[in-house]
Amino acid sequence: MTRWTPDPGSSRFGLWIGVLLGLIAFAWFFPGLDEVGVTWDEPVYFSSVVRIQEWVGGVIRGPDRAALLTEEAIRGAWDVDRFWNPHPPAYKEAMAATEGLFGQWTGSLVGYRIASLVCFSLLLVAVAWVAGSAWGRVAAIGAVLAVVLMPRMAGHAHIGATDMPLTLTWFVAATGLVSYVVSGRRIALLAGGIALGLALATKFTAYLLPLSLFLWMVPFGMSRRGIRGAVVWGLIGLTVAWAVNPLAWHDPIVETARLFAESLSREERVPIATYYMGHSWGYAVPGHHAVVMALITIPLPILALALGGATGAARRFTERPLGTLCLTQILFFVALMAAPGTPNHDGVRLFLPMFPFVGLLAGRGFQGLTEAASRRLPTDRRFVAGVALGFLFFLPPYVATVRVAPLYLSYYNEIIGGLRGAAAAGMETTYWLDAATPRFLAQVSAELPPGARLAAYPHTEHYRSLQLYGMIREDIQVTDEWPPDYFILVARKAMFLPHHWRIYENVRPELAVELQGVELAGLYAWTDDEAFEPDPEEP
């Protein structure tokens, strides 16, 4: 088996380049945390965070701490609105911490979202360290640039939800166990086990993480150290998961069983639709959805580098433990998303933990490319050639990331012709209500007369929450009653009824959020135009 570390200097270089680029990424994205629209899930999470903060404050300073530690009191603080907020609370604990530390200066919205941006920055450190440790300095640079310049990854770094915390903890958990099996580093096993626990305490998906490592363990981990490490890793994970989740303190087995039961019945509980290839699909989408979405939402130069890295890893399957890990992780998510009963809505959000492994392969591909170029050049020109290749492959994704902001989740690459080509092909142009940006809502507030009646689709209640955050004027009446004076329509086409299609295709909005000429959200003044009238048979 090849050594995990080509040389100690590469490992240290990877760590420091990761720290540097993690700090740069934090500084780059921090000013835009309040420019991305509040997503569908966030108001429920934020409300839960407030209750958690109050509970923690009572436990620390309150006169009756014992009463707050009863099962009933814990559920009252940590388990509110479970239908819409079913996940374990580790990510909300992170948001509670960052809002508590910084919210008085940044405002609550930014305070909550700092948690995801910190997770993204730490992910960059981990990616660079892993790539540098296994493949060398150039691979570390290429891998971290590949991850930071995926616009969809950048978008999730701005959103206070489960996805970026899960992506970080999944990556550290997987690479921590693999690093221990290959190199015997106990600190890697400990870090991996803790990360596994935090992943389990963030989202049910993490309970599939051990399964995702099975294909890797067969050629690399069937040794005494590998089996022992996997058992210790799992035990640390479960211990941490239950320790950081107060809902599990009284009966962890029952709470875990409840999480399994609810998560495995989501098709019955929350059958979320997806717009894909011009058709509105119910809970189940075609099995190729994840593959197609990954191919058209990762910048093309990064895909090309990842293909090069994957080719090298596949060529020497049993000699490249990290490359094999990347390939098996990608195959796992492709198979998982294609499996019957697996939720597959919301773009690439539900398989976001796959993307750092694509980034690792891109880093390996970039190193292989620079090495091939260097062999053909004199020594004094190799550095310049490497820099030139870096600009060639990473400048276009950087430009794309800058241009798409703050609508990162609507990014599509050149394969499908950008967002305009994706819209023409019947792909989902927006899905999570992030297109209703704070800037757009400020324009809505400036446009509407005092006391105007405003309806919205989908999810009118969401805009009442935004009103509480000061994003919509207090005197505006957000209502479900028809007809309103004004109407906000976000182009989540999977949920469109016939009259929404008529409005979207035939009526010019008063205000609109557009990207590459595609309307993502619009404010419409209500008229007697027949386009606004629902069909009698519509639900």
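The rules behind these values
- Residues numbered from 1 in each chain as written.
- Predicted model: local features only at pLDDT ≥ 70, side-chain atom pairs only at ≥ 80, totals over all residues.
- Heavy atoms only, no water.
- Buried < 20%, exposed > 50% of the residue type's maximum accessible area, 1.4 Å probe, protein only.
- Helix = DSSP H or I, 4+ residues; strand = E, 2+ residues; numbered from the N terminus.
- Pairing = 2+ DSSP bridges.
- Patch = residues over 30% accessible without salt bridge, like charges linked within 9 Å, V, L, I, M, F, W, Y side chains within 5 Å.
- Areas by Shrake-Rupley, 256 points an atom, 1.4 Å probe, with all protein chains shown as cover.
- Salt bridge = Lys/Arg side-chain N within 4 Å of Asp/Glu carboxyl O.
- 1 Å grid on protein atoms, 1.4 Å probe; cavity = no way out; pocket = protein on both sides within 12 Å on 5 of 7 lines; lining within 4 Å.
- Points joined across faces, edges and corners; volume = space filled by probe spheres on them.
- Nonpolar A, V, L, I, M, F, W, Y, C, P; charged D, E, K, R; others polar.

**Student:** Tell me about the pairing of strand S6 (residues 511-515), and please be specific about residues and values.
**Tutor:** Burial along S6 is one-sided: Leu-511, Val-513 and Leu-515 are buried, while Ala-512 and Glu-514, pointing the other way, are not. By the bridge criterion, 5 bridges tie S6 to strand S7 (residues 518-525) in an arrangement that is antiparallel. Residue pairing in the sheet places Ala-512 in a bridge with Gly-522 of S7.

**Student:** Describe a nonpolar patch on the surface, listing the residues and the values that go with them.
**Tutor:** There is a patch of nonpolar side chains on the surface, built from Phe-383, Val-384, Val-387, Phe-391, Leu-395, Tyr-398 and Val-402 and spanning about 700 Å² of accessible area. As for its placement among the helices and strands, Val-387 is situated in helix H20 (residues 379-404). Residue classification places Val-387 among the partly exposed residues on the basis of a relative accessible area of 35%.

**Student:** Describe the pattern of salt bridges, naming the residues involved and giving the relevant values.
**Tutor:** Under the defined criterion, the tally for this structure stands at 14 salt bridges. Where Asp-79 meets Arg-75, a salt bridge forms, and the shortest distance between an N and an O atom there is 3.3 Å. Taking the relative accessible area as the measure of exposure, Asp-79 reaches 15% and is therefore buried. Here Asp-346 and Arg-492 are joined by a salt bridge, their closest N and O atoms 3.3 Å apart. Of the two residues, Asp-346 sits in the loop between helix H18 (321-338) and helix H19 (355-375) while Arg-492 sits in the loop between strand S5 (486-490) and helix H24 (498-506), which places them 146 residues apart along the sequence. Judged by its relative accessible area of 3%, Asp-346 is buried. Through salt bridges with shared partners, a single ionic network connects Glu-71, Arg-75, Asp-79, Glu-255 and Arg-258.

**Student:** Which residues make up the sheet that holds strand S4 (residues 477-478), and what are the values?
**Tutor:** If you walk across this open sheet you meet the 5 strands as S4-S3-S5-S7-S6, and the pairing is mixed. At either end of the open sheet lies a strand with only one pairing partner, and these are S4 and S6.

**Student:** Residue-level account of empty space enclosed by the protein, with values.
**Tutor:** Under the counting rule described, the total for this entry stands at 1 cavity of 30 Å³ or more. A volume near 90 Å³ is recorded for the largest cavity. Within the residue set of the lining of the largest cavity, elements represented by two or more residues are helix H13 (224-243) and helix H14 (252-263). Take the lining of the largest cavity: its biggest share by element is 3 residues, from H14. Residue composition of the lining of the largest cavity, by class: 10 nonpolar, 3 polar and 2 charged.

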